[in-house]
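Reading the structure
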Amino acid sequence: MAEITIQNLVKTYPGQTERATDDVSLHVDDGEFMVLLGPSGCGKTTLLRMVAGLELPDAGSVHIGGRDVTYLPPNKRNLSMVFQSYAVFPHRRVRHNIGFGLAMAKVPKAEIEKKVAWAADLLQLGPYLDRYPAQLSGGQRQRVAVARAIVMDADVLLMDEPLSNLDALLRLGFRAELKRIVEQIGTTTLYVTHDQVEALSLGDRIAVMRTGQVAQLGRPIEVYDHPSDTFVGGFIGSPPMNFLDAMAHGGVDGGVDGGTITVGDAKLPAPGGLPDGPVRLGIRAEAISVVDAHTEGAVPAMVDVVEPLGAATLLTVRVGEQEVKVQVPPDVNVRNGQTVHLSLTPRAMRLYDAETGLGLDLR
Amino acid sequence: MARARRTRAVPPAYLLIAPSVVFMALLLGWPMVSGILQAFVGPDGVTGAYLQRMNSDPAFWSAVRNTLLLIVVLLPLQFLFALVMAFLLQARPKGHALYFYLWAIPLAVSDLAAGLVWLSIFTDRGYLNSVLETLGLGSVSWLSYENYGSMFVAILIAELWRATSLVLVIVISGMQGIPKDYDEAANVFGASYLQRLRHVWLPLLKPSLQVALILRTILAFQTFAVAQALTGQDFPVLVGETYRWYTALQNPHVASAIAMVVMAVSMVTAVIYLKTLRDSTKGAS
Amino acid sequence: MTSAETSAETSARPAAVPRPQPAVDTAPLRALRRRRALLQVACWVVTAFMVVPVYLIALAAFSSRSALNEFPLRFLPTSFSTETMSTFLSSTGVLAGLINSIMVGLLTLVVSFLIGVPAGYAIARFAFRGHDQYQLFLLFTRALPIVVLSVPLAQLFLSTGVYDTPLAVTLLHSALALPTTILLTSAVFLAVPVDAEEAARIFGCTPVGAFTRVVLPLALPGIAAASIFTFVMSWNEVLGATILTLNQRTLPAQVLSSLSDSPLAFRFAGGFFLIIPAIVFIAVMRRYLLNMWGTTIR
């Protein structure tokens, strides 16, 4: 087990002009589960592959457990990895797939047997040890890939979208199992995904990436509640955070409740110290509720779409020209075309610069 | 293997394949049968005379020996060479597309032309001796019938040059079907390059190698024009003997008898080919 | 890019303040570069083995007769001359052989495609009883040695008056090329999505219309590639052509049959001339090469 220190990593793929990773620095503590989250092309997989040694950086450095591995080939880094495609060797039985890394390291046979048995037990692969991967289901192959990774006494466990090839139901089940296993073995883990739910549920910390840079780094709940910019807010959460064009009126400098924000015709209280002018108001769908018309500060809106989701109902409403997603309890009865009044929880409001999209929260 | 195939009305398919079946029956099936008859049936009915005649010709047995020797020595070298070439290309050196083109050219070169190409090198006043002469080492009669060894090596090299491209192309197209994830996974799990070759690439390439091996074996039994162009009749091979019996000795019966030998070995190889292929398709995912 | 106003709780984007870069161990990188250099050297060696013979035969073919009689031979094209080539081309039977070769090649193409394309389509698109057996049979025919077929065919052609004509060679070559043609075209048709064909049918095409308007245009590049393949196979075939003809030789047959009584210069020129299509063929087919062999073989 070891910590990972990534410093100023720059990588441009041959023939490309955009940097795949643009001066990325990141520190993963010993035993930490770090998730790299972002849309496709954001550089998260490139970053992972540079830690693995499958790509070499143009500049910067990677240290694992204090050892400089920047340009070291993968086989000398003492890693293990779960691949998106599983990459379970089709010509080897499950047993020899799981023991592959140990066999390459010339570990004594008896010890390999023992470790394989342990991993197979942990992942419920016992009955399949003598099968070939072609005789397994996708989910079982995935388990083999994970088993192969955890038998290694690796410094770092790397996972590249390991759940993305599973169907939705299996994914849900295996996600919890994966979390249990990784917590149990306690290896430092770097996990790449584009699925924000996975990121929130698994990570000790999440690094949200965009265009080759880390847009925000923090614990899941911080990233969810306090997106550092509109990109992160728009990427994390389902539905994503709402952003409304609003006008800020600063009020008294430093005053706690001096300012106001105008959305359409409604005036909402806001933290003081804001410069006057346009801002973006960010708020999550579940922080908006439908209230009756007389409530103070209620924002009138027109219902466009009603989507009952079972546990909640998702409304798409219009505030002036702007579209807003609102999550209401399933028993709230609204119809298309109806006018409703929305109340925005003040605590959950985040303010962003109208131009740069960067956070303006002042507390 | 079985891709989107639909179960539809049966007749059109038969109409579509019928001409090919008739054509092949006439031009492949009939000659094969009549070749067998020719080898075993003389003017006075069934006879083993032609086989005996073949058997008693010393050139026949040296042709058998030469052909087998060539296969036994050539194929391992050829596969080793093709694998080296394939793995070199796989490492994506600068200019690999050009290399692939240049290395694939012999694929389309006929055995006759290949023989003539190497003739210009190995002939007494050819390029190889010119090099030796220039270096002051003196000439060697590489293709003289007195130098069996050098004659064999010359044919070996010419065949290595001509036919390795086929193996190369089969191996590379097999390689392209193997996701690079396997190699990367092995690499991450600590396997060195040699370990990856042994435990990942070679096993995964096994189906392609089997195909190439059988195909090359069948073709190697038919080696002819290279030997003919380089050595004339001095290095007899099986197909060359058929040619000689048919053209020079004007005896189609013995020619057919020898042809039957070639066919028999080829068929046996083909059966092994289809058998192993079917077995190996099971293991792949 | 970083903003001072980012939430204090969440450490935002890493500061772009230049940190002292730790010295990175570049020894593995140097080892990698060394390996890449070695790789290039190895590639050059292989290339030399593959290309030098072609260069030498070209050199010989374009040397004057007197230069070819020198010993040691020259390795640089200092005595460029078309004398050897033109002597070769004007020798008896060479020009006629060339014409015959081209004719046989084209005819083989036509015959094997007229018969082979429908069969290839049937394999790709229809499930019928005997489908797999038929395919197996095609694979099996690849093991039939040409020599086995040539002798009996010569007898048959002698008795039917086809012997010693380009037609005789065409028939043999078509029969030899047919299994490959069928397997190749079926692979080409398999690559044409069934959806496209079905869409055409839904929008009112007849089966034949759907084939000619949708499938064929999509399959044409692949079929063209396969046809070059067939042509080269015919161009290169020598044994059968020699046995089936006496006067109406194809070019390789002509070269082979006059091998023993022709001067070296003639053989070198012939060797080079026979190689030219190979060089062109591989250049044109580079893109298809792997698919071709990959699919014919399975």
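Residues numbered from 1 in each chain as written. Chains lettered and ligands numbered in written order. Predicted model: local features only at pLDDT ≥ 70, side-chain atom pairs only at ≥ 80, totals over all residues. Heavy atoms only, no water.

**As for the UniProt feature "transmembrane region" (unreviewed entry) in chain C**
Residues and elements named next belong to chain C. The feature "transmembrane region" (unreviewed entry), as annotated in UniProt, sits at residues 37–62, 94–124, 136–158, 170–194, 214–235 and 264–284 in this numbering. The span residues 214–235 shows a helical share of 100% and a strand share of 0%, and its end C-alpha atoms are spaced 32 Å apart. Annotation note: span residues 264–284, helix share 100%, strand share 0%, distance between end C-alpha atoms 31 Å. (UniProt positions renumbered as here; feature names shortened; annotations may be inferred. Helix = DSSP H or I, 4+ residues; strand = E, 2+ residues; numbered from the N terminus.)

**Focus: the pattern of salt bridges**
A side chain with one charge can pair with a side chain of the opposite charge if their charged atoms come near. A full pass over the atoms with the stated rule returns 23 salt bridges over all chains. Residue A:Glu177 pairs with A:Arg143 through a salt bridge whose shortest N-O separation is 2.8 Å. Of this pair, A:Glu177 sits in helix α6 (residues 168–185) while A:Arg143 sits in helix α5 (residues 138–150); the two residues are 34 residues apart in sequence, bridging distant segments of the chain. A salt bridge links C:Arg125 to C:Glu197, with the nearest nitrogen and oxygen atoms 2.7 Å apart. With a gap of 72 residues between them, C:Arg125 in helix α4 (residues 94–125) and C:Glu197 in helix α8 (residues 194–202) connect regions that are remote in the sequence. Linked by salt bridges that have partners in common, A:Lys11, A:Arg49, A:Glu55, B:Lys180 and B:Glu184 make up one network. (Salt bridge = Lys/Arg side-chain N within 4 Å of Asp/Glu carboxyl O.)

**A word on the interface of chain B and chain C**
Each side of the interface is counted separately: chain B has 99 residues, and chain C has 101 residues. Interface area for chain B against chain C, summed over the two sides, is near 9000 Å², with a carbon-plus-sulfur share of 77%. For the interface between chain B and chain C, the tally reads 0 salt bridges. Where chain B touches chain C, the interface holds 16 residue pairs in polar contact (both at pLDDT 80 or more). Of the residues forming the side of chain B that touches chain C, the biggest block, 18 residues, is contributed by helix α1 (residues 11–40) of chain B. Per-class residue counts for the side of chain B that touches chain C are 66 nonpolar, 22 polar and 11 charged. (Contact = heavy atoms within 4.5 Å. Buried area = accessible area lost by both parts, 1.4 Å probe. Polar contact = N/O pair within 3.5 Å; in protein donor to acceptor, adjacent residues only side chain to side chain. Nonpolar A, V, L, I, M, F, W, Y, C, P; charged D, E, K, R; others polar.)

**What about the sheet that holds strand β10 (residues 213–218) of chain A?**
All names here are of chain A. Taken together, 6 strands build an open sheet; the order of strands is β6-β7-β8-β3-β9-β10 and the sheet is mixed. A single partner strand is all that each edge strand has here, and the edge strands are β6 (79–82) and β10. The mean angle between the axes of side-by-side strands here comes to 20 degrees, regardless of whether they run parallel or antiparallel. Taken together, the 4 bridges between strand β3 (residues 33–37) and strand β9 (residues 205–210) define a ladder with parallel strand orientation. (Pairing = 2+ DSSP bridges. Axes fitted to C-alpha atoms, helices over the stretch in contact; angles between N-to-C directions.)

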